[in-house]
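Okay, here's what each chain looks like letter by letter:
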Amino acid sequence: MKVSIEPSWMAVLKEEFSKSYFRQLVHHLKTEKQLGKTIYPSGKFIFNAFDATPFQNVKVVILGQDPYHGPGQAHGLSFSVPAGVALPPSLLNIFKELQSDVGLSMPSQGDLTRWAQRGVFLLNASLTVRQGEPMSHAQIGWATFTDTVISRLSEKREKLVFMLWGKFAKEKSVLIDEKKHLVLKAAHPSPLSAHQGFLGCRHFSEANQYLVKNGIDPIDWQP
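Basis of the calculations
Residue numbering note: each chain is counted from 1, following its sequence as written. In keeping with the predicted nature of the model, local features appear solely for residues at pLDDT of at least 70, side-chain atom pairs appear and are counted solely at 80 or more, and the whole-chain, interface and lining totals rest on all residues. Heavy atoms from the whole structure form the basis of all side-chain values; hydrogens and water molecules are not counted. Pairing between two strands is assigned when DSSP locates at least 2 bridges connecting them. Labels follow the DSSP assignment, with helices taken as runs of H or I lasting at least four residues and strands as runs of E lasting at least two, numbered in each case from the N terminus. Only C-alpha atoms enter the line fits that serve as axes; for helices the fit covers just the stretch in contact. Angles between N-to-C directions range over 0 to 180 degrees. Contacts between residues were defined by any pair of non-hydrogen atoms, one from each residue, lying within 4.5 Å.

Considerations on the sheet that holds strand β2 (residues 60-64)
Here comes step 1: The sheet built from four strands is open, its strands ordered β3-β2-β5-β6 with parallel pairing. Of all strands in the sheet, those with a lone pairing partner are β3 (120-124) and β6 (182-186), marking the two edges. The average angle at which neighbouring strand axes cross in this sheet is 20°, direction not considered.
Here comes step 2: Pairing of β2 with β3, which is carried by five bridges, proceeds in the parallel orientation. Among the inter-strand pairings, I62 is bridged to a residue of β3, identified as L122.
Here comes step 3: Packed on one face of the sheet, helix α6 (residues 142-156) meets β2, β3 and β5 (161-165) and runs near 155° to β3.
Here comes step 4: Lying on the sheet, helix α8 (residues 203-213) is in contact with β2, β5 and β6; it crosses β5 at an angle near 165°.

Focus on unusual backbone geometry
Phi is mostly negative for residues that are not glycine, and the peptide bonds are mostly trans.
Here comes step 1: A cis amide bond, omega -10°, links Y40 with the succeeding residue P41.
Here comes step 2: Even without being a glycine, M135 presents a positive backbone phi close to 65°.
Here comes step 3: Tracing the backbone shows M135 in the loop between β4 (129-130) and α6.
Here comes step 4: With a phi close to 60°, R202 is a non-glycine residue in the positive phi region.
Here comes step 5: Tracing the backbone shows R202 in the loop between β6 and α8.

Rendered as structure tokens:
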């Protein structure tokens, strides 16, 4: 089937798009739309993380669970919202940690596109969600696809930083070769858990120290 995705990712993932699970996934999404369900993000943004950060440009991977499920929030980048949209609580805590870790002034908007353009791959484990129903597409095949994405990055790249926040993300560490990459784990930035190890984790400075040590330009964390 024809999937529109950035060329370097297409080269790495091409086989996935012809597999039965992916065909079933697409059929599921089409059926829900025919039934009048609203799905986020809109079609042009489903692969936004891939389009914004080509495979060879990835330096850091930040893994989210699924897209925001409210109107106007999701645009295909984990934890990110378009400019002009109120900061979700988890993103606000991410910015608080940035402020204390690297001295960044509190950003006024939550669009993380610039991070993506600088090599921060903002991947959600599920790339779609039904409006108002968090995790509604967690079982339709996206996990198989995004697990493959993480595995390909681990296999074909070196010296990447993976930020795994929360129990769900930490479980993905089995897909990553920790001899080749830096895996950073902490509690989820949600207000329910941020004080249990996310705030104060210093992942942003730690990531940059690792990149510089390996001769890679650090990330400018200003959104």
